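Architecture at a glance
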Amino acid sequence: MKKRSWAEPYKIKMVEPLNMLSKKEREKAMEEAGYNTFLLRSEDVYIDLLTDSGTSAMSDRQWAGMMLGDEAYAGSRNFYHLEDTVRDVYGYKHLVPTHQGRAAEHMISKILIKEGDYIPGNMYFTTTKLHQEMAGGKFVDVIIDEAHDPNSEYPFKGDIDLDKLQNLIDEVGADKIPYVAMATTVNMAGGQPISMKNLKAVRELTKKYGIDIVHDMTRVAENAYMIQQKEEGYQDKTVAEIVKEINSLTDHATMSAKKDALVNIGGFLATNDPRVFEEARNMVVVYEGLHTYGGLAGRDMEAMAIGIKESVMDEHQKARVGQVQYLGQKLLDAGIPIVKPVGTHGVFLDAKAFYPHLTQDEFPAQTLAAELYVDSGVRAMERGVVSAGRNKETGEHNYPKLELVRLTIPRRVYTQAHMDVVAESVIEVYENAKNARGLKMVYEPKYLRFFQARFEKL
Ligand code: F0G
């Protein structure tokens, strides 16, 4: 069959000029930022692949929706539109809006976790795990082993290992496990999807023991697209249908709408359980705002409602994930060590393979992100030992198997030409890899240290 290319299902109506510093200026900026890309000024960045969170371009419909903001303190029209959308598109019964995902994680953790509980999950996520711990729980990784191997080509590396889950239940008892934390596309594994087959099996097992499933649905539509592309029996289903089926197998959901849902700020907690809804509605007024706005403006909720509908369109996902795959394939063709298969929201560079001469105590992924910025002004993010933080009991670093740098692609923002520039820079940095020196941490914040830690060159 002749190759037919995908193209973006939109045209560009407004542009934002980019700024490019000289190499000397970038070296200075990186040093001043303590070799932490989170501490760079955005104006000093050329192509910003730090995150896909809150960095999407909104559509003309979403911008028009912003003008329909009903900024009443209580009962905003936009809240009801959002509530209807969450019911129609996602299938969850009750909605509590929040300013972003971690606020929903905070509430669900406090509501469901008791001191001494265990929370099994398909790999940790930084904020999710911290909220579980702060509520008195202990996170237990039950993802399949393939997820920790950057070279495993298994198509559903987000799957849960049912034996690991069963063993935990046998060991600590079902009454110590309030829920399984299940994320659609596993961020820290490289944006890897979970299969419907696995999710159904997890539902069956948890049902037997009366254990809930809390769904981190931050990138659920991207996961649905991967199921459509790769899982038997789903080729003729739409992304929208698959999203609904995934959600129907879970009890509660936390959402960072800054990703899939194409807005710059927003999130929510959704649940089918009226008691959890009742508690969350009580709690949200303490931390976020009234239950009909949860820290958001009316216009933000309107843009979110429209973004949710756009996010489940097949054409949108084809181009969104297609662009990520395009960059990944370019790097694979050049022999760059990346996490395989390429996931949905970014390409993850294997920093251990870039820098076999650096130990994890010399922060190889942190080093690689800094080198990349100095080479071309491309900003990426460390996802390795710095992100993994310290063990709560021993105080030692957690040493994750994966030491990654994430090139995260914002939705509808950059073009294929930008991806080419990024690929060329990564190749350049790889060619010079043996000259790289590691880093030492000179400032370490108490929580989520990767955001604000500072480093010096060894
Ligand atoms: N869950 C997942 C899977 C996430 O990727 C994020 C955020 C959150 C929860 C928290 O949501 O930021 O709205 O409070 N991830 C961003 C990232 C920060 O860059 O991957 P939030």
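Up top you'll find the structure we're talking about.
As a starting point, this report considers the structure included with it.

Rules behind the numbers
- Residues numbered from 1 in each chain as written.
- Predicted model: local features only at pLDDT ≥ 70, side-chain atom pairs only at ≥ 80, totals over all residues.
- Heavy atoms only, no water.
- Near = heavy atom within 4 Å.
- Polar contact = N/O pair within 3.5 Å; in protein donor to acceptor, adjacent residues only side chain to side chain.
- Areas by Shrake-Rupley, 256 points an atom, 1.4 Å probe, with all protein chains shown as cover.
- Helix = DSSP H or I, 4+ residues; strand = E, 2+ residues; numbered from the N terminus.
- Domains from an automatic or database assignment.
- Contact = heavy atoms within 4.5 Å.
- Phe/Tyr/Trp six-rings, centres within 6.5 Å; stacked < 30°, edge-to-face > 60°.
- Buried < 20%, exposed > 50% of the residue type's maximum accessible area, 1.4 Å probe, protein only.
- Lys NZ or Arg CZ within 6 Å of the ring centre and 35° of its normal.
- Pairing = 2+ DSSP bridges.
- Salt bridge = Lys/Arg side-chain N within 4 Å of Asp/Glu carboxyl O.

**Looking at the site of the ligand**
In the neighbourhood of the ligand, 17 residues make up the surrounding shell, with Thr51, Arg102, Asp216, Ser256 and Lys259 lying closest. Gly101 places a main-chain nitrogen or oxygen 2.8 Å from an oxygen atom of the ligand. Asp216 is positioned with one of its side-chain polar atoms (N or O) 2.6 Å from a nitrogen atom of the ligand. Taken by itself the ligand offers 470 Å² of open surface, and the protein chains cover 95% of this. Counting residues per element, the shell around the ligand draws most heavily on helix α4 (residues 101-112), at 3 residues. Both of domain 1 (23-52 + 314-457) and domain 2 (62-311) provide at least three residues apiece to the shell around the ligand.

**Considerations on the environment of Ile246**
Mapped onto the elements, Ile246 comes out in helix α9 (residues 239-248). Measuring from C-alpha to C-alpha, the distance between Ile246 and Leu199 comes to 7.7 Å, with 47 residues separating the pair along the chain. Apart from residues no more than four positions distant in its own chain, Ile246 is found in contact with Thr184, Met196, Leu199, His215, Val220, Asn223, Ala224 and Ile227.

**Re the packing of aromatic side chains**
Both the distance between ring centres and the angle between the ring planes are used here to describe each pair of aromatic rings. On inspection of all chains with the given rule, the structure shows 9 aromatic pairs. When the centroid spacing of 4.9 Å and the interplanar angle of 80° are considered together, the rings of Phe38 and Phe451 count as edge-to-face. Remark: Phe451 occurs in the loop between β13 (439-443) and β14 (454-457) and Phe38 occurs in the loop between α1 (23-32) and β1 (47-48); sequence separation between them is 413 residues. Ring centres of Phe450 and Phe451 lie 4.2 Å apart, and the angle between their planes is 45°; this geometry places the pair in the tilted category. You can call Phe451 partly exposed: its relative accessible area is 26%. Put simply, the rings of Phe38, Phe450 and Phe451 pair up and form one aromatic cluster. The residue whose ring lies beneath Lys129 is Tyr124, and the NZ or CZ to ring-centre distance is 5.5 Å. One Lys or Arg, Arg383, reaches over the ring of Phe450 and ends 4.7 Å from the middle of that ring.

**Observations regarding the pairing of strand β7 (residues 252-256)**
Counting buried positions along β7 yields 5 of 5 residues, so the element is predominantly enclosed. Where burial is concerned, the two faces of β7 agree: the one with His252, Thr254 and Ser256 and the one with Ala253 and Met255 are both buried. By the bridge criterion, 3 bridges tie strand β6 (residues 212-216) to β7 in an arrangement that is parallel. By the bridge assignment, His215 is partnered in β7 with Ala253. The sheet contact formed by β7 and strand β8 (residues 267-271) spans 5 bridges and is antiparallel. Opposite His252, over in β8, you have Thr271 as the bridge partner.

**Considering the environment of Thr292**
Its location among the elements puts Thr292 in the loop between α10 (274-287) and α11 (298-311). If we skip the residues at most four places from it in the chain, Thr292 touches Tyr73, Ala74, Gly75, Phe79, Tyr80, Pro97 and Met301. Engagement of the side chain of Thr292 in a polar contact is seen with the backbone nitrogen of Gly75, the distance being 3.1 Å.

**Here's the deal with the pattern of salt bridges**
Within this structure, the stated rule accounts for 22 salt bridges. Among the ionic pairs, Lys28 bridges to Glu32, the shortest N-O distance being 3.4 Å. Of the two residues, Lys28 and Glu32 both sit in helix α1, 4 residues apart, roughly one turn of that helix. Of the residues examined, Lys28 reaches a relative accessible area of 52% and is grouped as exposed. Judged by relative accessible area, Glu32 falls into the exposed class, the value being 52%. The partner of Asp117 in a salt bridge is Lys114, with the nearest N and O atoms 3.8 Å apart. You can call Asp117 buried: its relative accessible area is 1%. A single salt-bridge network, built from bridges that share partners, covers Asp52, Arg219, Glu222, Arg320 and Arg411.

**Topic: unusual backbone geometry**
Residue Pro341 is bonded to the preceding Lys340 through a cis peptide linkage, with omega at -15°. Take Pro341: it is sitting in the loop between α12 (314-333) and β9 (346-350). Residue Thr185 is not a glycine yet carries a positive backbone phi of 55°. You can see Thr185 is positioned in the loop between β5 (179-183) and α7 (196-209). One non-glycine residue, Leu448, adopts positive backbone phi at about 45°. The exposure class assigned to Leu448 is partly exposed, which follows from its relative accessible area of 22%.

**Section: the environment of Met441**
Structurally, Met441 is set in strand β13. Apart from the residues within four sequence positions on either side, Met441 is in contact with Phe363, His397, Arg449, Ala453, Arg454 and Phe455.

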